[in-house]
Amino acid sequence: MRTVIGLASGLLFGAGLAVSGMLDPVRVRGFLDLFGVWDPTLAFVMGGAMIPMAIAWLVQRRMAAPVADADFHLPDTNPITPRLLGGSALFGIGWGLGGLCPGPALAAFAINPAAAAVFTAAMAVGFAIVWALDRPPVHA
Amino acid sequence: MPDYAMPVQGLIGGLMIGTAAAIMLLGAGRIAGVSGMAARAIGLGGGAPRTLALAFIIGLPLGAALVAWLAGPILSRFPMSMAMLAVAGLIVGIGTRLGSGCTSGHGVCGMSRLSKRSIVATCTFMATGFATVAIVNAVGGGW
């Protein structure tokens, strides 16, 4: 059941990215090019995505548990840490350099697999670096 | 509205993305954050059950392929050098894991939840994204 939910969510998410033009790094970069030839499309995508999610959060408050799990597993909403700020700042730099964030990079495998693979492989190395740094050292 | 903008497609695609995230939240009780799910799927992160993360991540290109099949070619231009693309991917990988999320987890799911963390994170990556493109353009490194 959970796998079906994951697949359905991923399918619709990827389809939405394709419909909205977000698989095109030139368009995404156009949104970030505030002082150049600005392309507002991404703002409509974010705004559109927030409508069903805002409703979902209202529904979530009235549910004791999700459909296919015993509990909701939700992150904290409060602590603003240097790690959060630094990480987000870095992410924005990479987003600006490549015109890609993780969702479009993975969905773009369907359209432009070679380029998507370059970005995604490098991104996985980034994941691995943080994962390795976060693991407590093993004492012999 | 400039003629190259796609407000209608953007809004429709956005509604689809938001509905996808709502399915994940109400169905599996998790945040549909792509960076977290991707790391989890390849064993470089904790959180969601691995099969859930894998199914979600595999769904992304399948959904895009479905749209391409039904609606025709999808534009996906990569005019930058492969070196710049790789550097961008590496920075995105490190940044999203340190910052606990990206455009989907913080931007869509967290902002709509009015999460303070996510609002601050989104404003931060938007700001450095704008600044990066402006600086890269100014020094002639744009593409």
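The rules behind these values
- Residues numbered from 1 in each chain as written.
- Chains lettered and ligands numbered in written order.
- Predicted model: local features only at pLDDT ≥ 70, side-chain atom pairs only at ≥ 80, totals over all residues.
- Heavy atoms only, no water.
- UniProt positions renumbered as here; feature names shortened; annotations may be inferred.
- Helix = DSSP H or I, 4+ residues; strand = E, 2+ residues; numbered from the N terminus.
- Axes fitted to C-alpha atoms, helices over the stretch in contact; angles between N-to-C directions.
- Parallel < 35°, antiparallel > 145°, perpendicular 65-115°, else oblique.
- Left-handed = near helix turned anticlockwise from the far one by under 90°.
- Contact = heavy atoms within 4.5 Å.
- Nonpolar A, V, L, I, M, F, W, Y, C, P; charged D, E, K, R; others polar.
- Phe/Tyr/Trp six-rings, centres within 6.5 Å; stacked < 30°, edge-to-face > 60°.
- Buried < 20%, exposed > 50% of the residue type's maximum accessible area, 1.4 Å probe, protein only.
- Expected span 1.5 Å × (residues − 1).
- Arc of directions from axis to C-beta.
- Salt bridge = Lys/Arg side-chain N within 4 Å of Asp/Glu carboxyl O.

Asker: I tried to follow the UniProt feature "transmembrane region" (unreviewed entry) in chain B on my own but got confused; where do I start?
Answerer: All names here are of chain B. The positions that UniProt labels "transmembrane region" (unreviewed entry) are, in the present scheme, residues 12-32, 52-72, 78-98 and 119-140. Spanning residues 12-32, this segment combines 81% helix with 0% strand, and its end C-alpha atoms are found 18 Å apart. In this annotation, residues 78-98 is assigned 81% helix and 0% strand; the end-to-end C-alpha distance for the span is 26 Å.

Asker: What is the right way to look at the packing of helix H3 (residues 41-62) of chain A against helix H5 (residues 103-112) of chain B in this model?
Answerer: The packing of two helices is summarised by the inter-axis angle and the distance between the axes. Relative orientation of the contacting elements H3(A) and H5(B) amounts to 55°, with a least axis distance of 7 Å. By the criterion of interaxial angle, the relationship of H3(A) to H5(B) is oblique. Crossing of H3(A) over H5(B) shows right-handed handedness. Residues Met46(A), Ala49(A), Met50(A), Met53(A), Ala54(A) and Trp57(A) of H3(A) form the contact with H5(B), whose own contacting residues are Thr103(B), Gly107(B), Val108(B), Cys109(B), Met111(B) and Ser112(B). In terms of residue class, the contact of H3(A) with H5(B) is built from 9 nonpolar, 3 polar and no charged.

Asker: So what exactly am I meant to see when it comes to the packing of aromatic side chains here?
Answerer: To describe a pair of aromatic rings, you give the distance between the ring centres and the angle between the ring planes. Throughout the structure, instances matching the rule amount to 6 aromatic pairs over all chains. Plain terms: the ring middles of Phe31(A) and Phe130(B) are 5.7 Å apart, the flat faces sit at 45° to each other, and that makes the pair tilted. Taken as a pair, Phe31(A) in helix H2 (residues 25-32) and Phe130(B) in helix H6 (residues 116-138) lie in two separate chains rather than in one. Comparing Phe31(A) with Phe130(B), the two get one shared label, buried. Residues Phe91(A) and Phe125(B) carry aromatic rings whose centres are separated by 4.8 Å and whose planes lie at 65° to one another, so their mutual orientation is edge-to-face. Linking Phe91(A) in helix H4 (residues 82-98) with Phe125(B) in helix H6, this pair reaches from one chain into another.

Asker: I tried to follow helix H6 (residues 113-134) of chain A on my own but got confused; where do I start?
Answerer: Note on helix geometry: an α-helix contains 3.6 residues per turn, so any two residues three or four positions apart are oriented the same way. Here H6(A) contains 22 residues, and its C-alpha end-to-end distance of 31 Å stays within 8% of the 32 Å for a straight helix at 1.5 Å per residue. Every buried residue of H6(A) is listed here: Ala115(A), Ala116(A), Phe119(A), Thr120(A), Ala122(A), Met123(A), Gly126(A), Phe127(A) and Val130(A). In an axial view of H6(A), the angular spread of the buried residues amounts to 160°, which keeps them on one side of the axis. Along H6(A), the residues that are exposed and aim more than 90 degrees away from the buried face are Ala114(A) and Ala132(A). For H6(A), the secondary structure elements touched by its buried residues are H4 and helix H5 (102-107) of chain A together with helix H2 (34-41) and helix H4 (82-98) of chain B.

Asker: What is the right way to look at unusual backbone geometry in this model?
Answerer: Most of the time, phi is negative for any residue but glycine, and the peptide bond is trans. Residue and element names in this part refer to chain B. Even without a glycine there, the phi angle at serine 100 is positive, about 60°. Backbone geometry places leucine 114, a non-glycine residue, at a positive phi of 60°. For leucine 114, the position within the fold is in the loop between H5 and H6.

Asker: How should the pattern of salt bridges be read in this particular structure?
Answerer: Pairing of side chains with opposite charge becomes possible as their charged atoms draw close. All names here are of chain A. Applying the stated rule across the entire model yields 4 salt bridges over all chains. A salt bridge links aspartate 39 to arginine 27, with the nearest nitrogen and oxygen atoms 2.8 Å apart. Of this pair, aspartate 39 sits in the loop between H2 and H3 while arginine 27 sits in helix H2; the two residues are 12 residues apart in sequence, bridging distant segments of the chain. In this pair, the class of aspartate 39 matches that of arginine 27, namely buried. The shortest N-O distance in the salt bridge between arginine 83 and aspartate 134 comes to 3.0 Å. Placement of arginine 83 in helix H4 and of aspartate 134 in helix H6 is noted, with a sequence separation of 51 residues between them. Judged by its relative accessible area of 36%, arginine 83 is partly exposed. Here aspartate 134 falls in the partly exposed class, since its relative accessible area comes to 43%.

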